[in-house]
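# Structural characterization, general
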Amino acid sequence: MKTLLVALHFTIILIILRGDNVCEESDLPFYDRYHIARHCQRSNKSVMALANFESVRKCENFARDKNALAFNYAPQERGTQNLYERANKNATKYRGNKYPSGKDIIEQSEEYYNCQVLACPELKNFSSMINDTRFDYYSLYANPPPPDNATCLPGMGMFIYYDKPENYSRAFNACQEINGSLAGVVSESQTNALSKLLKLKYNTTHQDMAFVDLREKEHNETTNQYTYHTSEGFPLECFAFRAWSPGFPRKFKHAACVTITKENSWKVVPCTKKKPFICEIFPTGPDRRISSTRKCSIKRPNNPSDKQNSERF
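Now for a description of the structure that goes with this document. (Residues numbered from 1 in each chain as written. Predicted model: local features only at pLDDT ≥ 70, side-chain atom pairs only at ≥ 80, totals over all residues. Heavy atoms only, no water.)

### Digging into the environment of proline 146
- For proline 146, the position within the fold is in the loop between strand S8 (129-139) and strand S9 (151-153).
- Each C-alpha atom, one on proline 146 and one on leucine 123, is 5.0 Å from the other, the two residues being 23 residues apart in sequence.
- If sequence neighbours within four positions are ignored, proline 146 has contacts with Pro121, Glu122, Leu123, Lys124, Tyr141, Met158 and Ile281. (Helix = DSSP H or I, 4+ residues; strand = E, 2+ residues; numbered from the N terminus. Contact = heavy atoms within 4.5 Å.)

### Points about helix H3 (residues 168-177)
- Of all the positions in H3, only Tyr168, Ala171 and Cys175 are classed as buried. Down the axis of H3, the buried side of the element spans an arc of 60°, and every buried residue falls inside it. Seen from the open side of H3, the exposed residues pointing more than 90 degrees away from its buried face are Arg170 and Glu177.
- Sitting at the head of H3, asparagine 167 places a side-chain oxygen 3.2 Å from the backbone nitrogen of serine 169. (Buried < 20%, exposed > 50% of the residue type's maximum accessible area, 1.4 Å probe, protein only. Arc of directions from axis to C-beta. Polar contact = N/O pair within 3.5 Å; in protein donor to acceptor, adjacent residues only side chain to side chain.)

### Let's talk about the nonpolar core
- Within the largest apolar cluster, 28 residues are counted, with the highest numbers of intra-cluster contacts made by Phe159, Val185, Leu194, Val258, Ile260, Trp266 and Ile278.
- Mapped by element, the contributors of at least two residues to this core are strand S10 (157-166), helix H4 (188-205), strand S12 (209-220), strand S14 (256-261) and strand S15 (266-270).
- Cys59, Phe71, Leu140 and Ala150 belong to the second largest nonpolar core, which has 26 residues in total. (Core = buried A, V, L, I, M, F, W, Y, C linked by side-chain atoms within 4.5 Å.)

### Describing unusual backbone geometry
- Of note, the amide linkage connecting asparagine 143 to proline 144 takes the cis form, showing an omega dihedral of 0°.
- Looking at where proline 144 falls in the secondary structure, it is placed in the loop between S8 and S9.
- A cis geometry characterises the amide bond from phenylalanine 248 onward to proline 249, with omega recorded as 0°.
- Here proline 249 is to be found in the loop between strand S13 (225-229) and S14.

### Structural notes on the sheet that holds strand S4 (residues 35-43)
- Strand order in this open sheet of five strands is S4-S8-S6-S7-S5, and the pairing throughout is antiparallel. The open sheet has two free edges, formed respectively by S4 and strand S5 (47-51), since each of these has just one partner strand. Along the sheet, successive strands turn relative to each other by an average axial angle of 25°, direction set aside.
- Relative to S8, S4 runs antiparallel, the two being bridged by seven bridges. If you follow arginine 42 over to S8, its bridge partner there is isoleucine 130.
- Contacts from helix H1 (residues 56-65) reach S5, strand S6 (70-73), strand S7 (115-118) and S8, with the element oriented near 150° to S6. (Pairing = 2+ DSSP bridges. Axes fitted to C-alpha atoms, helices over the stretch in contact; angles between N-to-C directions.)

### Considering the state of the cysteines
- Counted according to the given criterion, the structure contains five disulfides.
- Two residues, cysteine 40 and cysteine 296, share a disulfide whose sulfurs are 2.0 Å apart. An S-S torsion of about -90° defines the bridge between cysteine 40 and cysteine 296 as left-handed. Here cysteine 40 is found in strand S4, whereas its partner cysteine 296 is found in the segment after strand S16 (275-281), with 256 residues between them in sequence. Accessibility classification places cysteine 40 together with cysteine 296 in one group, the buried group.
- There is a disulfide in this structure between cysteine 59 and cysteine 115, and the S-S distance comes to 2.1 Å. Its S-S torsion of about 85° marks the bond between cysteine 59 and cysteine 115 as right-handed, since a negative value means left-handed. (Disulfide = S-S within 2.5 Å.)

Right, dumping it as structure tokens:
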């Protein structure tokens, strides 16, 4: 028996492949976890939703409901004043002892909400981080964070488009080397999002196809049926969605591999043919060097290799 976790626009489905090649869906819930990635800092990336919660777990659930890839959370015991601002004599102190009520965006400044849900995570350079002793930053991609050449597709995940053409085998290995896989296309949302990414890259690469995670495994000469599988070995028959271009799939002398086009469709080419490819980065685990319970400091680093936190005020 094989199992496969398939993320379909943040709805994670557990696919079970029995020995008789019958696919079933399990109703057992499975979620990727958010982990703390920066302590005493918040990301300044675009906020998609705001709320106030008494625990980080409730903020995490709220972020998951919003299909967010990251969030900022401020434990209420840290107060409402950023010590970095106070040290710079530029504090803007909030009047009142309690956080305002409300479960979504209203007119007050977003920093007064202790749960800030972010569509996209920080990349490896953490270029959007702001020193703020009230907050910690959590991400599905905590350790390591996505490389700086990754592209965020909100609600879907983190992807890297490689414009240097490779054959399917080399493309598959390249994705594994960055803790990922060739990007999945077994849902309409995945196919449309990756096609949109390909369109954005087309203006500079002029490449209209890219390898994704489907390849031909079997071809029945009698019935002329093609069997395509994911890299985990699951047949395309496990999934209802199809996006074949007219005239596809078609048979080649050697094994065929699937490419996505900028027209929201799939085509096949020989696996030995070189094409650009798209990798999906897997969510990563915690950085155990970082603790949310450690007291914030404005004089020493709060995070590993965090130079900007060591500024003296």
